[in-house]
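Remarks on the overall topology
So the chains spell out like this:
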Amino acid sequence: MIAVGDVVAASARVETRLRRTPVLAADELGERVSLKAELFQRTGSFKPRGVLNRLAALSDDERARGVVTTSAGNLAAALAYGSALESVDCLVVMWQGASEHKIAAVRRYGAAVDLEATTPGEAFARMGQLQRESGRLLVHPWDDPLVLAGHATVGLEIVEERPDVELVVVPVGGGGLIAGIASVVKALRPDARIVAVEPERAAGLHAALAAGEPVPVEPSSIADGLNAPFVGERCLAICRELVDEAVLVSEDEIRAGFRFLYDRAKLAAEPAGAATAAAILARKVRDFEERSTVLVVSGGNVLPATASAILGEG
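The structure displayed is predicted, hence computed values, not measured ones. Residue numbers here run from 1 along each chain, matching the order of that chain's written sequence. This being a predicted model, a pLDDT of at least 70 is required before a residue's local features are given, and a value of 80 or more before pairs of side-chain atoms are given or counted; all residues contribute to the totals for chains, interfaces and linings. With hydrogens and water stripped out, all remaining heavy atoms of the structure feed into the side-chain values.

1. Details of the pairing of strand β5 (residues 112-117)
Following DSSP output, two strands are said to pair if at least two bridges run between them. Only DSSP runs of H or I with at least four residues qualify as helices, and only runs of E with at least two residues qualify as strands; both kinds are numbered from the N terminus onward. The pairing of strand β4 (residues 90-95) with β5 spans four bridges and is classified as parallel. Following the sheet pairing, valine 92 is matched in β5 by valine 113. The handedness of a crossover follows from its direction of travel: if, with the strands pointing away from the viewer, the path from the first strand over the helix to the second runs clockwise, the crossover is right-handed. In this fold, the crossover linking β4 to β5 by way of helix α5 (residues 100-108) has right-handed handedness.

2. As for the packing of helix α9 (residues 176-188) against helix α11 (residues 233-242)
Helix axes are fitted only over the stretch in contact, all axes being lines through C-alpha atoms; the angle between N-to-C directions runs from 0 to 180 degrees. Packing of α9 against α11 leaves a shortest axis separation of 9 Å and a crossing angle of 45 degrees. Taken together, the axis directions place α9 and α11 in an arrangement best described as oblique. Viewed along their axes, α9 and α11 form a crossing whose handedness is left-handed. Side by side, α9 and α11 meet where Gly176, Ile178, Ala179, Ala182, Ser183 and Lys186 of the first sit next to Cys235, Ile238, Cys239 and Leu242 of the second. Gly is put with the polar residues, along with every residue not named as nonpolar or charged; the nonpolar set is Ala, Val, Leu, Ile, Met, Phe, Trp, Tyr, Cys and Pro, and the charged set is Asp, Glu, Lys and Arg. Of the residues contributing to the contact of α9 with α11, the split by class is seven nonpolar, two polar and one charged. Oblique is the label for any angle not covered by the other classes, which are roughly parallel (under 35 degrees), roughly antiparallel (over 145) and roughly perpendicular (65 to 115). Left-handed is the label given to a crossing in which the near helix is rotated counterclockwise from the far helix by less than a right angle, and right-handed is the label when the rotation is clockwise. Any pair of residues with heavy atoms lying within 4.5 Å of one another is described as a contacting pair.

3. Brief notes about the state of the cysteines
Pairs of cysteine sulfur atoms within 2.5 Å are what we label disulfides. Under the counting rule described, the total for this entry stands at zero disulfides. Cysteine 235 forms no disulfide, and the closest cysteine sulfur to it belongs to cysteine 239, at a distance of 6.5 Å. Under the relative-accessibility criterion, cysteine 235 is labelled buried at 0%. Whether a residue is buried, partly exposed or exposed follows from its accessible area with a 1.4 Å probe, protein chains only, as a fraction of its type maximum: under 20%, in between, or over 50%, in that order. Its relative accessible area of 4% is what places cysteine 239 among the buried residues.

4. Structural notes on the pattern of salt bridges
Salt bridges are defined by distance alone: a side-chain nitrogen of Lys or Arg within 4 Å of a carboxyl oxygen of Asp or Glu. Throughout the structure, instances matching the rule amount to 23 salt bridges. We note a salt bridge from glutamate 161 to arginine 20, for which the minimum N-O separation is 3.2 Å. In this pair, glutamate 161 sits in helix α8 (residues 153-161) while arginine 20 sits in the loop between α1 (4-14) and β1 (23-25), placing the two residues 141 residues apart along the sequence. Its relative accessible area of 47% is what places arginine 20 among the partly exposed residues. Measuring nitrogen to oxygen at the nearest pair gives 3.0 Å for the salt bridge that ties arginine 65 to aspartate 61. Placement of the pair is arginine 65 and aspartate 61 together in helix α3 (residues 60-65), with a separation of four residues, close to one helical turn. Salt bridges sharing common partners tie together Lys36, Glu38, Arg49 and Glu157.

5. Brief notes about the sheet that holds β5
Here four strands make up an open sheet; going across it, the order is β5-β4-β3-β6 and the pairing parallel. Here the strands that pair on one side only, and so sit at the sheet edges, are β5 and β6 (137-138). Alignment of strand β3 (residues 67-70) against β4, held across four bridges, turns out to be parallel. Opposite threonine 69, over in β4, you have valine 92 as the bridge partner.

6. So, the sheet that holds strand β7 (residues 167-171)
Across the sheet, six strands lie side by side as β1-β2-β10-β7-β8-β9; this open sheet has mixed pairing. Lying at the two open borders of the sheet, with one neighbouring strand each, are β1 and β9 (245-249). For this sheet, the mean inter-axis angle between neighbouring strands, taken without regard to orientation, is 25 degrees. One ladder, built from five bridges, connects β7 with strand β8 (residues 193-199); its direction is parallel. What sits directly across from leucine 167, in β8, is arginine 193. Across the sheet, helix α10 (residues 204-211) is in contact with β8 and β9; its angle to β9 comes to roughly 135 degrees. Sitting on the sheet, helix α12 (residues 251-263) is in contact with β2 (33-37), β8, β9 and β10 (293-297), with an inclination near 90 degrees to β9.

7. Some remarks on α11
Within α11 the residues assigned to the buried category are Cys235, Leu236, Ile238, Cys239 and Leu242. The buried side chains of α11 occupy one side of the element, clustering within an arc of 165 degrees when seen end-on. Pointing more than 90 degrees away from the buried face of α11 are the exposed residues Glu233, Arg240 and Glu241. The arc in question is the one spanned by the directions pointing from the helix axis to the C-beta atoms.

8. A look at the nonpolar core
Generally speaking, soluble globular proteins have nonpolar side chains that are buried together. Throughout this description, the term nonpolar core refers to a set of buried Ala, Val, Leu, Ile, Met, Phe, Trp, Tyr and Cys residues connected via side-chain atoms within 4.5 Å. Counting residues in each nonpolar core, the largest one holds 70 residues, and the members touching the most others are Val67, Met94, Val106, Val168, Ile178, Ile181 and Val185. Element by element, the count of residues in this core is highest for α9, at seven residues. Here valine 67 is in contact with Leu55, Leu58, Leu79, Ser83, Val88, Asp89, Cys90, Leu91, Arg136, Leu137 and Val139, once residues within four sequence places are set aside. Of all hydrophobic cores here, the second largest spans 34 residues; its members include Leu29, Phe258, Val285 and Phe288.

Here it is in structure tokens:
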């Protein structure tokens with residue numbers, strides 16, 4: 001677990017560089033349902049929370065060597081953004097077929113982008129190779145304890161804004177967000193339920209829970225922000241202890257959640273951020289109407305063409 005003290009310290013460390021995102025009522029989903037709108041965060045997702053906490057701990061030598069990571073886009077943009085603030089050289093390994101919109105965002109923040117890999121799994125191998133060759137510090141996209149403590153500030157804000165919270169629904173890719181949120185929410189609200197939501201086509205947490213250890217998957221969901229090739233070991237350990245339920249949503253259900261957030265909640269979320277709404281609309285989460293429920297809308301970085309195509313299907 002991530003200690004609450006570490007989360008409070010992370011919040012104090014990064015609060016001047018981040019937004020405190022709103023918790024919005026979602027009456028269309030239920031009288032007691034709210035949305036934690038992380039799409040309004042710097043760079044358009046929750047990721048800067050963990051990144052800025054990690055960068056704040058760099059030694060002078062690590063700052064001089066620079067950092068490297070791999071990401072589908074949101075962590076990449078966050079690390080590029082944070083590195084620019086900290087004047088740290090940044091290299092991001094992405095892969096061919098990643099969102100051009102997200103690649104462009106990373107470059108706008110000033111980071112170098114490596115696109116030699118063709119899949120998320122290859123990108124991790126490429127990241128390791130470049131880290132060894134360059135001597136850069138590896139900032140793991142989801143399984144670093146300082147990154148997790150930063151991400152956990154989402155959960156801290158949820159409890160502060162909704163002290164009666166009884167159910168928190170969280171999208172899952174590599175597992176860093178849910179591991180952080182579960183740690184702090186369960187510590188402060190022990191009776192609250194935590195539900196993980198994954199795409200059927202990117203079910204790394206389900207595979208790991210079944211196997212008892214992280215196992216590789218081949219993600220291919222429209223929710224590209226959740227297309228992690230595996231969940232982290234720390235994340236899995238926390239999820240096994242603290243997550244009450246894990247559910248899967250189909251691609252059509254994710255699209256329906258996306259349209260709902262756009263049409264009814266007026267939130268231009270990305271498909272990954274719409275996964276929690278998808279699970280609620282598809283009735284994959286039990287008892288949400290009877291509980292004080294918060295759905296995490298994790299990001300809003302989506303190609304206009306992708307958004308237009310999904311909205312046109314409705």
